Amino acid sequence: TALFHYHLTDQAPQQIWILVPPNRTTADSQYRCMRVKTKLSAGVETHETSRVVSIERAVAEGLRFATKIGVETAIRAARNAFRQKLTTPAKVLKTARELKIEPFVMKHWEAITVE
C-alpha cells in the first residue's frame, strides 16, 4: 500500500496492507495484516488522516516481502525511488539495518543497483 501511496508502483493494492505485531488478530477483510516482529513505530510518518511508513521503510519492507508482492514489483519500486531521487540507497540500507531486515534487502541489492 505504501509503495502505491508514493507512486512507486502502478499496481493498486486490492486491500490496504497494515503491519501488526505477531500476536494481533483481526477479522476485518478490508485489511491485509502483515505480522512482523520489527519495530512498528520506526519509519512511520503521520499524515492528515493516516499513518504511512516512510519511503525508505516502504522500499525495505517491499524487498522483505518480495515473495508476497512479487520480486519484480519490489525491485521496480526500489529502482523508481532511486531514479526519482525520492530516497538514496544509503537511507534504505540504514532503515533496513534499523529494522533488522538487511539480509532481505541485500538479497536483491545487485538487481536494484545494476541496470
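Coordinates for the structure precede this section.
Residues numbered from 1 in each chain as written. Predicted model: local features only at pLDDT ≥ 70, side-chain atom pairs only at ≥ 80, totals over all residues. Heavy atoms only, no water.

Participant: So what's going on with the packing of helix α5 (residues 89-99) against helix α6 (residues 102-113)? Residues and values would help.
Facilitator: Running from N to C, α5 and α6 cross one another at 145°; their axes reach a closest spacing of 8 Å. Contacts between α5 and α6 involve Pro89, Val92, Leu93, Ala96 and Arg97 from the first element and Glu102, Val105, Met106 and Trp109 from the second. (Axes fitted to C-alpha atoms, helices over the stretch in contact; angles between N-to-C directions. Helix = DSSP H or I, 4+ residues; strand = E, 2+ residues; numbered from the N terminus. Contact = heavy atoms within 4.5 Å.)

Participant: Talk me through the packing of aromatic side chains; I want residue IDs and the actual numbers.
Facilitator: A ring pair, where both rings are aromatic, is described by two values, the distance of the centres and the angle of the planes. Across all of its chains, the model carries 1 aromatic pair by this definition. Pairing phenylalanine 82 with tryptophan 109 gives two aromatic rings, centres 6.2 Å apart and planes at 65°, and the pair type is edge-to-face. Placement of the pair is phenylalanine 82 in helix α4 (residues 71-83) and tryptophan 109 in helix α6, with a sequence separation of 27 residues. Here the two residues phenylalanine 82 and tryptophan 109 agree in accessibility, since each one is buried. Just above the ring of phenylalanine 65 sits the side chain of arginine 64; from NZ or CZ to the centre is 4.9 Å. When the ring centre of phenylalanine 104 is taken as reference, the NZ or CZ atom of arginine 64 above it lies at 4.0 Å. (Phe/Tyr/Trp six-rings, centres within 6.5 Å; stacked < 30°, edge-to-face > 60°. Buried < 20%, exposed > 50% of the residue type's maximum accessible area, 1.4 Å probe, protein only. Lys NZ or Arg CZ within 6 Å of the ring centre and 35° of its normal.)

Participant: Give a description of unusual backbone geometry that names residues and reports values.
Facilitator: We note that histidine 7 has phi near 60°; this positive angle belongs to a residue other than glycine. Within the secondary structure, histidine 7 is located in the loop between α1 (2-5) and β1 (16-20). The backbone of lysine 100 sits at a positive phi, close to 60°, despite the residue not being glycine. What makes lysine 100 exposed here is its relative accessible area of 71%.

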